[in-house]
Amino acid sequence: MSKMDDVFDLVVRGKAKLIGGAVQEALDEGNAASDILDNMIKAMGIVGEKFKNNEIFVPEMLVAARAMKKGVDVLKPHLAGGSAGVAGKMIIGTVAGDLHDIGKNLVAMMIESAGFEVIDLGVDVPVEKFIEAVRENPDVKVVGVSALLTTTMPAMKETVEALNKEDFRKDIKIMVGGAPITQEFADEIGADAYTADAATAAQVAKELAA
Ligand code: B1M
């Protein structure tokens, strides 16, 4: 089994204690950090499929998520690298009712490496907390809103619509993303940008802040 297959398998099986070593070995073998990350994202896709087909349940999804996080920790120094703050300040969070943070964390990491100072509000973030965070950081340029569940898309709509009503709206750009989100939905709720993955999110954040 190649080291990449190992990494894939350890994410699917949620082996948090072993994944760090396997990721390091995959790096040592000469695999690019971005390819190892893509490999782990694909593994999470398999975890999602298994969950959908009732082959695994929430606890198994949770251990897979833990393993993925441990793997990302090892990759982080190889992916990140910008000087924090030179591109501006960004606020990011996962909407109210939604506990998924792996994708949001990857977006935050890539945006940080694109030179932003990132204020991460975490998961299950109520509308008011997004608004408060922008008020407390008047120099913020981009607000990123993530949602992973179809059932929390209304919370994203509520969040973006509330931000749109604020006086500070003209000074910020709003970017949305997450598996169930589409460009059409982003347009419908009045966001400035939708991006499908973390690398594109970092590129677009730079354009929005320019
Ligand atoms: Co959940 N879950 N989950 N889950 N989970 C999904 C999302 C699901 C698709 C699985 C499935 O059924 N196939 C399904 C949603 C179905 C739907 O909405 N139609 C689902 C469900 C149903 C649930 C629960 C309701 C299960 C239950 O309790 N019965 C529950 C809800 C809890 C809640 O949030 N209130 C639940 C719970 C969990 C865990 C807590 C166990 C765990 C999350 C742990 C954590 O995040 N700390 C979990 C996991 C791990 C998953 C899957 C397997 C993996 C998610 C993930 O991390 N993907 C997921 C299945 C799947 O995605 N295929 C699933 C990898 C990650 C890198 O991708 O997050 O998409 P993603 O992020 C990408 C892009 O979307 C984008 O960039 C990222 C990187 O490229 N992106 C942005 C994300 N945010 C962005 C923001 C941007 C721009 C781009 O700008 C701001």
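Procedures and definitions
- Here the residue numbering is sequential within each chain, running from 1 through the sequence in written order.
- It should be noted that, the model being predicted, local features are given only for residues of pLDDT at least 70 and side-chain atom pairs only at 80 or more, the latter also being counted only at that level, while totals for whole chains, interfaces and linings use all residues.
- Note that water and hydrogens are dropped before the side-chain values are worked out from all heavy atoms of the structure.
- Keep in mind that water is not among the atoms, so a site may look incomplete; donors are the N, O and S atoms within 2.8 Å of the metal, or 3.2 Å for Na, K and Ca.
- Strands here are runs of E lasting at least two residues and helices are runs of H or I lasting at least four, both read from the DSSP assignment and numbered beginning at the N terminus.
- In this analysis an axis means a line fitted to C-alpha atoms, helices contributing only their contacting stretch, and an angle means the value between N-to-C directions, from 0 to 180 degrees.
- In a left-handed crossing the near helix is turned counterclockwise from the far helix by less than a right angle, and in a right-handed crossing that turn is clockwise.
- Note on contacts: a residue pair qualifies if any of its non-hydrogen atoms lie within 4.5 Å across the two residues.
- Any residue that is not Ala, Val, Leu, Ile, Met, Phe, Trp, Tyr, Cys, Pro, Asp, Glu, Lys or Arg is counted as polar, Gly included; the first ten are nonpolar and the last four charged.
- A side-chain nitrogen of Lys or Arg and a carboxyl oxygen of Asp or Glu constitute a salt bridge if their distance falls within 4 Å.
- For the exposure calls, accessible area comes from a 1.4 Å probe over protein chains only, and a residue counts as buried if that area is under 20% of its type's maximum, exposed if over 50%, partly exposed in between.
- The predictor reports its confidence for every residue as pLDDT, a score running from 0 up to 100.
- In this scheme, a helix's expected span is set at 1.5 Å multiplied by one less than its residue total.
- Strands were regarded as paired on the criterion that DSSP finds at least two bridges between them.
- Here the term right-handed applies to a crossover when the path leading from its first strand over the helix to its second strand runs clockwise, the strands being oriented away from the viewer.
- Here a residue is near a molecule or strand as soon as one of its heavy atoms is found within 4 Å of it.
- Within 3.5 Å is the distance limit for a polar contact, defined as a pair of N or O atoms, with the added protein rule that one can donate a hydrogen and the other accept it, and that residues adjacent in sequence qualify only through two side-chain atoms.
- The source of the domain bounds is an automatic or database domain assignment.

Comments concerning the coordination of the cobalt atom of the ligand
Item 1. On the protein, His100 (NE2) is the one donor atom to the cobalt atom of the ligand, at 2.3 Å.
Item 2. The residue His100 is located in the loop between β1 (88-94) and α5 (102-113) in this model.

So, the packing of helix α1 (residues 3-12) against helix α3 (residues 33-52)
Item 1. Two elements in contact, α1 and α3, have axes whose closest approach is 8 Å; the angle formed by their N-to-C orientations is 35°. When you trace α1 past α3, the crossing you get is right-handed. When α1 is examined against α3, the residues Met4, Val7, Phe8, Val11 and Val12 are found in contact with a partner set consisting of Asp35, Ile36, Asn39, Met40, Lys42, Ala43, Met44, Ile46, Val47 and Lys50.
Item 2. Here the residues of the contact of α1 with α3 are counted per class, giving 11 nonpolar, 1 polar and 3 charged.

Let's talk about the pattern of salt bridges
Item 1. Taken as a whole, this structure holds 12 salt bridges when the rule is applied.
Item 2. Across the pair Arg13 and Asp9 runs a salt bridge whose closest N-O atoms are separated by 3.1 Å.
Item 3. Between Lys170 and Asp171 there is a salt bridge, with the nearest N and O atoms lying 3.6 Å from each other.
Item 4. Of the residues examined, Lys170 reaches a relative accessible area of 71% and is grouped as exposed.

A few points about the confidence of the model for the chain
A low pLDDT means the predicted coordinates there should not be read in detail.
Item 1. Per-residue pLDDT for the chain has a mean of 95; in total, 97% of the residues score no lower than 70.
Item 2. Scored as a whole, the predicted complex attains pTM 0.95, and scored at its interfaces, ipTM 0.99.

So, helix α7 (residues 153-164)
Since one α-helical turn is 3.6 residues long, residues separated by three or four positions face the same way.
Item 1. Over its 12 residues, α7 extends 16 Å from the first C-alpha to the last, a length consistent with the 16 Å expected when each residue adds 1.5 Å.
Item 2. Looking at α7, one finds that the buried residues are Met153, Ala155, Met156, Thr159, Val160, Ala162 and Leu163.
Item 3. Looking at the packing, one finds that the buried side of α7 touches α6 (127-136), β3 (140-146), β4 (173-177) and α8 (183-189).

A look at the pairing of β4
Item 1. Within β4, 4 of the 5 residues are buried, which leaves the element mostly enclosed by the surrounding structure.
Item 2. In this structure, β3 lies alongside β4, joined through 5 bridges in parallel fashion. For Val142, the partnering residue across the bridge sits in β4 and is Lys173.
Item 3. A crossover links β3 with its parallel partner β4, the connecting element being α7, and its sense is right-handed.
Item 4. Where β4 lies against strand β5 (residues 193-194), 2 bridges are found, and the strand directions are parallel. Along β5, the bridge assignment pairs Val176 with Tyr194.
Item 5. What joins β4 to β5 is α8, and the crossover it makes is right-handed.

Remarks on the site of the ligand
Item 1. Looking at the ligand, there are 36 residues lining it, with Leu99, His100, Asp101, Ser146 and Thr150 nearest.
Item 2. Within the backbone of Leu99, an N or O atom sits 2.6 Å from an oxygen atom of the ligand.
Item 3. Separating a nitrogen atom of the ligand from a side-chain N or O atom of Ser146 is a distance of 2.8 Å.
Item 4. Put simply, the parts of the chain that give the shell around the ligand at least two residues each are α3, α4 (58-79), α5, β3 and β4.
Item 5. In terms of residue count, the dominant contributor to the shell around the ligand is α3 (7 residues).
Item 6. Looking at side-chain class alone, the shell around the ligand contains 20 nonpolar, 11 polar and 5 charged residues.
Item 7. Each of domain 1 (3-82) and domain 2 (88-209) contributes no fewer than three residues to the shell around the ligand.

Considerations on the pairing of β1
Item 1. Here β1 lies mainly inside the structure; 7 of its 7 residues are buried.
Item 2. Judged by which residues are buried, β1 turns out to be covered on both faces: Gly88, Met90, Ile92 and Thr94 on one side and Lys89, Ile91 and Gly93 on the other are all buried.
Item 3. In the sheet, β1 pairs with strand β2 (residues 116-120) via 5 bridges, with the strands oriented parallel. Counterpart to Lys89 in the pairing with β2 is Glu117.

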